[in-house]
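Close look at the chain arrangement
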Amino acid sequence: MMEGVQPTAFSFIGQLDSNNLEKLKIMTTIYKIFIAGLVLLFVGVMITSCTSTKDTYANATEVEDEFKIEKSGAQMWGEACNRCHLAPSPADYNDTDWTTISLHMRVRANLTEKEITKIETFLKSAN
Ligand code: HEC
């Protein structure tokens, strides 16, 4: 009886029994999960890119600091130690004296640890 029926492009419709419908539902669910995953990934990338932009700025400041030409101990001695009195010559005192004077004048000149260390190193190296 079925001999005359030719298979057509729509023959599969007849095969959509409950078993295949179940598979179709599963495929649809997987597809939905996949789309949801893509959306989450997109949001994640957006958030990450915003955060890393901030980091880039932070790094830019760091890099800027790195390339700032730092003043040498001799330069700072000429500037800071001349403000209140003539900057004493490095040869005026010995290393031990310079250690004490540096402690004292750091407070007077309101210098940072780094600045006074550089000045002190210069004074001691040139006496
Ligand atoms: C804020 C002002 C001020 C600055 C800046 C300053 N000094 Fe003085 N310095 C003084 C004063 C005031 C005295 C007088 C003694 C004291 O205060 O005990 C003095 C005294 C000295 C003395 C002793 C002089 C002596 O004949 O006994 C030395 C050495 C000296 N300073 C070195 C320095 C050096 C090095 C620097 C730079 C790091 C410096 N000072 C920066 C105010 C300053």
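See the structure printed just above.
Below: a short report on this structure. (Residues numbered from 1 in each chain as written. Predicted model: local features only at pLDDT ≥ 70, side-chain atom pairs only at ≥ 80, totals over all residues.)

**Let's talk about the site of the ligand**
Rules: Contact assignment follows one rule, namely that a residue is near a molecule or strand if its backbone-placed C-beta atom lies within 6 Å of it. Secondary structure elements follow DSSP: runs of H or I of four or more residues count as helices, runs of E of two or more count as strands, with numbering from the N terminus. Only Asp, Glu, Lys and Arg are considered charged, only Ala, Val, Leu, Ile, Met, Phe, Trp, Tyr, Cys and Pro nonpolar, and every remaining residue, Gly among them, polar.
Near the ligand you find A80, C81, R83, C84, H85, P88, I101, M105, R108, A109 and I119, and these make up its full shell. Ranked by residues supplied to the shell around the ligand, first place goes to helix α4 (residues 95-109) with 4 residues. Here the residues of the shell around the ligand sort into 8 nonpolar, 1 polar and 2 charged.

**Topic: the packing of α4 against helix α5 (residues 113-125)**
Under the convention used in this document: Axis angles are defined between N-to-C directions and span 0 to 180 degrees, where every axis is a line fitted to C-alpha atoms and, for a helix, only to the segment in contact. By definition in this entry, angles of less than 35 degrees are roughly parallel, angles greater than 145 are roughly antiparallel, angles of 65 to 115 are roughly perpendicular, and the rest are oblique. Two helices cross in a left-handed way if the nearer one is turned anticlockwise from the farther one by less than a right angle. They cross in a right-handed way if the turn is clockwise. Two residues form a contact once the distance between their C-beta atoms, set from the backbone, is within 7 Å.
Look at α4 against α5: their axes get within 10 Å of each other, and the N-to-C directions meet at 155°. Viewed along their axes, α4 and α5 adopt a mutual orientation that is roughly antiparallel. When the axes of α4 and α5 are compared, the crossing they make is right-handed. Two secondary-structure elements touch here, α4 through D95, W98, S102 and R106 and α5 through I116, I119, E120, L123 and K124.

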